[in-house]
Amino acid sequence: MDIYRLPAFKDNYIFLLHDRQHQIAAVVDPGDGAPVLQCLEDLGSSLVAIFNTHHHTDHVGGNRQLLKHFPEAVVYGGSQDRGRIPEQQVFLQEGDRVSLGERSGQVLFVPGHTRGHIAYYFPPADLEAPEPWGELFCGDTLFAGGCGRLFEGTPSQMVNSLNKLRQLPDHTWVWCAHEYTLKNLEFALSVDTANAALQQRLVTVQALRAQHQPTIPTPLGLEKLTNPFLRWDQPALQAAVHGQTSEQTFAHLRQQKDRF
Ligand code: ZN
Ligand code: FE
């Protein structure tokens, strides 16, 4: 499965999953149809599935346009998003599976940013490979160095959701839907000041962004070491934001980030 990262709008990414052998593709969160159609044309492949993570327009706005060109494509989304995702046909729940060719993905229910948000996790294709990597498409739940705003969920829901993602293997590529990494890491360093891995990561990301290079995907192992929104149980971070518990630490971090 090849993955193409298509920039859209100001800072969105749309991901096109391509099965070269069968010349079929799926797309994750097509906020806009045009770049997806262009990529499909370049590949000479047809679209068989649209995987939506949540109902926001910058993630589903291209659904109808894509269906006009590929009426056979199946539109997937979370069961709690019924009525909110254009042309949705399949209503997914935690533990359900989706597929593209021989590759199969698991659905994770990760509410918080919105109440119906889901993520798609594709475990490594070949576990015998020397370094097997999985792929995580997490929409606006986990970002590189940050997490989504709580529009429809509570801190407790989001901590549970992020904890679920944190349990995936370090060798998982995180494909999140926005290029927010630089700003996220600047905030992260303001609360996790002594974190050497984070300091180093900020330097790397500053260099990439100065060249207008993308910072996505990012390894989940690096997120676990540097993303404060996966580190609410670290004593240094709890002390920095005066959190007594993981949930309170997360809530304080999120409030501070909203004002950053
Ligand atoms: Zn969103
Ligand atoms: Fe978004």
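Residues numbered from 1 in each chain as written. Chains lettered and ligands numbered in written order. Predicted model: local features only at pLDDT ≥ 70, side-chain atom pairs only at ≥ 80, totals over all residues. Heavy atoms only, no water.

Focus on the coordination of the iron ion (ligand 2)
- Looking at the iron ion (ligand 2), the protein donor atoms are Asp58 (OD), His59 (NE2), Asp140 (OD) and His178 (NE2), and they sit 2.1 to 2.4 Å from it.
- Here the iron ion (ligand 2) is ringed by four donor atoms whose angles at the metal span 85 to 167 degrees, and the overall shape comes out irregular.
- Ordering the donors of the iron ion (ligand 2) by residue number gives the pattern D-H-x80-D-x37-H.
- Since its relative accessible area comes to 22%, Asp58 is described here as partly exposed. (Donors = N, O, S within 2.8 Å, 3.2 Å for Na, K, Ca; no water. Tetrahedral: all angles 85-135°; square planar, octahedral: opposite > 155°, others 65-115°. Buried < 20%, exposed > 50% of the residue type's maximum accessible area, 1.4 Å probe, protein only.)

Comments concerning the pairing of strand β7 (residues 97-100)
- Only one face of β7 is buried, namely the one carrying Val98 and Leu100, since none of Arg97 and Ser99 on the opposite face is buried.
- Taking the residues between adjacent antiparallel strands as the criterion, β7 and strand β8 (residues 103-109) are bridged by two residues, where Gly101 takes a positive phi near 55 degrees. (Helix = DSSP H or I, 4+ residues; strand = E, 2+ residues; numbered from the N terminus. Pairing = 2+ DSSP bridges.)

Regarding the packing of helix α5 (residues 181-191) against helix α6 (residues 196-210)
- Packing of α5 against α6 brings their axes to within 10 Å, and their N-to-C directions diverge by 155 degrees. Relative to α6, the element α5 lies roughly antiparallel. Between α5 and α6 lies a crossing of left-handed hand. In contact with Thr181, Leu182, Leu185, Glu186, Ala188 and Leu189 of α5, α6 contributes Leu198, Gln199, Arg201, Leu202, Val205, Gln206 and Arg209.
- Across the contact of α5 with α6, the residue classes tally to seven nonpolar, three polar and three charged. (Axes fitted to C-alpha atoms, helices over the stretch in contact; angles between N-to-C directions. Parallel < 35°, antiparallel > 145°, perpendicular 65-115°, else oblique. Left-handed = near helix turned anticlockwise from the far one by under 90°. Contact = heavy atoms within 4.5 Å. Nonpolar A, V, L, I, M, F, W, Y, C, P; charged D, E, K, R; others polar.)

Quick notes on the pairing of strand β2 (residues 12-19)
- Counting buried residues in β2 gives eight out of eight residues, a clear majority hidden from the surface.
- Residue alternation in β2 divides its side chains into two sets, Asn12, Ile14, Leu16 and His18 and Tyr13, Phe15, Leu17 and Asp19, and both sets are buried.
- Across seven bridges, the pairing between strand β1 (residues 2-8) and β2 is antiparallel. Bridge pairing links Tyr4 to Leu16 in β2.
- In this antiparallel pair of consecutive strands, β1 and β2, the connection spans three residues, and Phe9 shows a positive phi of 50 degrees.
- Two strands pair when backbone bridges link them, and β2 and strand β3 (residues 24-28) are joined in this way by five bridges, in the antiparallel orientation. Within β3, the residue paired with Leu16 across the bridge is Val27.
- What sits between β2 and β3 in their antiparallel hairpin is a turn of four residues, with Gln23 showing a positive phi close to 55 degrees.

Structural notes on the pattern of salt bridges
- Taken as a whole and assessed by the stated rule, the structure comprises 13 salt bridges.
- Put simply, Arg84 and Asp81 hold a salt bridge, and the shortest N to O gap is 3.1 Å.
- For Arg84, a relative accessible area of 23% gives the class partly exposed.
- Among the salt bridges present, the one from Asp170 reaches Lys224, with a minimum N-O distance of 2.7 Å. Highlighted residues: Asp170 in the loop between α4 (155-166) and β13 (172-176) and Lys224 in helix α7 (residues 220-226), separated in sequence by 54 residues.
- The partly exposed category is assigned to Asp170, whose relative accessible area is 41%.
- Where salt bridges share partners, they join Asp81, Arg84 and Glu152 into one cluster. (Salt bridge = Lys/Arg side-chain N within 4 Å of Asp/Glu carboxyl O.)

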